[in-house]
Amino acid sequence: MLICLFRLEDVGPNLVEMVLDRNVEFDQDTIDKFTFSGSVTYSLVFQGMVTLDDMASELYGPFPFAFSSGFVQYAFSFIAADKTMKDKRMKEKTLGLIIMLVPEMVSKIDTFREELAKVLVYKFHKVYKINQVNTVFLKDIISSYNKILQDLLSFKQADLLSEQILEFLQVKEKPRKKETITDIGVIYPKEYTSFIKKYYASLLGSLPYTETNYSGDKAVIKTQTHEFSFVMDSKVEDNYLNKQSALILLANVKGKKFSTLYQVLKKLKSKPKIALVVSLPDNIEKASGEYAKFFTGLQRYIGDLPFFSASFNTNYEFKTKMLEALFWTLSPD
């Protein structure tokens, strides 16, 4: 199990610790993978937070891990005193995020998430200062995680799962050719513009980007390996739509405003991965009917394309479902 600790600094989240329960020297490729994955998680978990009072210690996930289909990641948020914090708005406090890599089969055990959440809430309830979250503290969390596995699995199974992570981290990849840019497009309705602005700003504050631009119709963030672009559904052009490797589609089923999205997908000639994030009415019976109607129409355009869908009712759910969608588009096929 690998634990990465991110914390808020003036220039965004910074990787403080990468910890296993045994001595492993991480190569730069591994560090880069977790920095990228952690930056995205950090920006979305804390996106839209207005005051420190909005901050809660919570466990998020499981989310796909962008660099291996055999693992998932969990994230736990916390807040602690930090006298080194220069941003006066933070009142000498910092936001932190623990990123945990877990074999996918473990995440499917019914009680695993509940037990992991209990451990993290208990361990952090006495954390008041950021310097308390050190290597010793993180290794103690890993020890508790291992005990959870031993209770849920046989000793042999738990040991094999630990070896899986170790093998993944120690794989020395062959020198790679210069990586091509993976394009991920986010298409949204007009009424979600304010959310997209916050989402863009949040990613900008954490991703190691090389180029960025925000205009009235389109926002772009480029990293060394990815280009994230955000376009209003009424402004989508054919050449933009058909160059994307993956699309994240935001649909306002709650407001029954999704006809423009159908018009966009009629133009689709390529075969990208499709991640759908849908707002639903609060009434469960009405929500299921509206979603079924929307999805029936959508199916005419997406056919058998690789597909992920998630629905939400609240702003909190919106944030977490967007995180799930993004990591699904980043994960291996």
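Now for a quick tour of the structure. As the structure is a prediction and not an experimental result, all values here were calculated from the model. (Residues numbered from 1 in each chain as written. Predicted model: local features only at pLDDT ≥ 70, side-chain atom pairs only at ≥ 80, totals over all residues. Heavy atoms only, no water.)

## As for the overall build of the protein
Each helix and strand in the protein was counted, giving 10 helices and 12 strands. Expressed as a percentage of the 333 residues in the protein, the buried residues total 51%. Across the protein, contacts joining residues at least 24 apart in sequence account for 70% of those joining residues at least 6 apart. Of the roughly 16,800 Å² of accessible surface on the protein, a fraction of 50% belongs to carbon and sulfur atoms. (Helix = DSSP H or I, 4+ residues; strand = E, 2+ residues; numbered from the N terminus. Buried < 20%, exposed > 50% of the residue type's maximum accessible area, 1.4 Å probe, protein only. Contact = heavy atoms within 4.5 Å. Areas by Shrake-Rupley, 256 points an atom, 1.4 Å probe, with all protein chains shown as cover.)

## Digging into the pattern of salt bridges
Oppositely charged side chains can form a pair if their charged atoms are brought close together. Enumeration over the complete set of coordinates arrives at seven salt bridges. Between lysine 118 and glutamate 115 there is a salt bridge, with the nearest N and O atoms lying 3.5 Å from each other. Placement of both lysine 118 and glutamate 115 in helix H3 (residues 112–124) is noted, with a separation of three residues, approximately one turn of the helix. Residue lysine 118 is classed as partly exposed on the basis of its relative accessible area of 46%. (Salt bridge = Lys/Arg side-chain N within 4 Å of Asp/Glu carboxyl O.)

## A few points about the nonpolar core
Most often, soluble globular proteins keep nonpolar side chains buried together rather than apart. One finds Ile98, Met100, Phe112, Phe124, Phe230 and Ile248 to be the most contacted residues of the largest nonpolar core, which totals 90 residues. In terms of residue count, helix H10 (residues 315–330) provides more of this core than any other element does, eight residues in total. Ile187, Val236, Leu268 and Leu280 belong to the second largest nonpolar core, which has 24 residues in total. (Core = buried A, V, L, I, M, F, W, Y, C linked by side-chain atoms within 4.5 Å.)

## Concerning the packing of aromatic side chains
On inspection of all chains with the given rule, the structure shows 20 aromatic pairs. Aromatic pair phenylalanine 63 and phenylalanine 327: ring centres 6.1 Å apart, planes at 25 degrees, arrangement stacked. Of the two residues, phenylalanine 63 is situated in strand E3 (residues 59–64) and phenylalanine 327 in helix H10; the sequence distance between them amounts to 264 residues. Just as phenylalanine 63 is buried, phenylalanine 327 falls in that class too. Ring geometry for phenylalanine 195 and phenylalanine 318: centres 4.2 Å apart, planes at 15 degrees, overall stacked. With phenylalanine 195 in helix H6 (residues 193–204) and phenylalanine 318 in helix H10, the pair connects residues that are 123 residues apart, well separated along the chain. Phenylalanine 318 shares its class with phenylalanine 195; the two are buried. In textbook terms, an aromatic cluster arises when at least three aromatic residues are bridged by ring pairs, as seen for Phe76, Phe78, Phe124 and Phe137. Across from the ring centre of tryptophan 328, 4.6 Å away, lies the NZ or CZ of lysine 273, which sits over that ring. (Phe/Tyr/Trp six-rings, centres within 6.5 Å; stacked < 30°, edge-to-face > 60°. Lys NZ or Arg CZ within 6 Å of the ring centre and 35° of its normal.)

## As for the packing of helix H8 (residues 259–266) against helix H9 (residues 284–302)
Close contact between H8 and H9 brings their axes to 9 Å; oriented N to C, the two are set at 15 degrees. Between H8 and H9, the interaxial angle falls into the category roughly parallel. At the point where H8 passes H9, the crossing takes the right-handed sense. On H9, the residues touching Leu261, Tyr262, Leu265 and Lys266 of H8 are Lys293, Phe294, Gly297, Leu298, Arg300, Tyr301 and Ile302. (Axes fitted to C-alpha atoms, helices over the stretch in contact; angles between N-to-C directions. Parallel < 35°, antiparallel > 145°, perpendicular 65-115°, else oblique. Left-handed = near helix turned anticlockwise from the far one by under 90°.)

## Structural notes on unusual backbone geometry
Between glycine 61 and the following residue, proline 62, the backbone shows a cis peptide bond with an omega angle of 10 degrees. With respect to the helices, strands and loops of the structure, proline 62 is situated in strand E3. Even without glycine at this site, glutamate 92 takes up a positive phi of about 60 degrees. A residue is classified by how much of its surface remains accessible, and glutamate 92, at 44% relative accessible area, is partly exposed.

## Examining the environment of serine 37
Here serine 37 shows up in helix H1 (residues 28–45). Judged by its relative accessible area of 1%, serine 37 falls in the buried class. Considered as a pair, serine 37 and leucine 330 are 293 residues apart in the sequence and their alpha carbons are 9.3 Å apart. Excluding anything up to four places from it in sequence, serine 37 contacts Phe65, Phe67, Gln73 and Phe327. A polar contact is formed between the side chain of serine 37 and the side chain of glutamine 73, at a distance of 3.0 Å. (Polar contact = N/O pair within 3.5 Å; in protein donor to acceptor, adjacent residues only side chain to side chain.)

## Considering the pairing of strand E4 (residues 71–81)
Burial analysis of E4 places nine of its 11 residues in the buried class, which makes it a mostly covered element. Between the end of E3 and the start of E4, which pair antiparallel, lie six residues. Summarising the sheet, E4 and strand E5 (residues 93–103) pair through 11 bridges and their orientation is antiparallel. Across the sheet, phenylalanine 76 pairs through a bridge with isoleucine 98, a residue of E5. (Pairing = 2+ DSSP bridges.)

## Considering H10
Over its 16 residues, H10 extends 23 Å from the first C-alpha to the last, a length consistent with the 22 Å expected when each residue adds 1.5 Å. If you check which residues of H10 are buried, you get Phe318, Lys319, Thr320, Met322, Leu323, Ala325, Leu326, Phe327, Trp328, Thr329 and Leu330. (Expected span 1.5 Å × (residues − 1).)

## Some thoughts on the sheet that holds strand E6 (residues 182–188)
Sheet strands line up and pair through hydrogen bonds in the backbone, either parallel or antiparallel. Here we have seven strands laid out as an open sheet, ordered E7-E8-E9-E6-E10-E11-E12, and mixed in their pairing. Two strands bound the open sheet, and with one partner strand each, they are strand E7 (211–214) and strand E12 (307–312). Taken pair by pair, the neighbouring strands of this sheet meet at an average axis angle of 15 degrees, ignoring direction. Relative to strand E10 (residues 246–252), E6 runs parallel, the two being bridged by four bridges. Looking across to E10, one finds that valine 186 is bridged to isoleucine 248.

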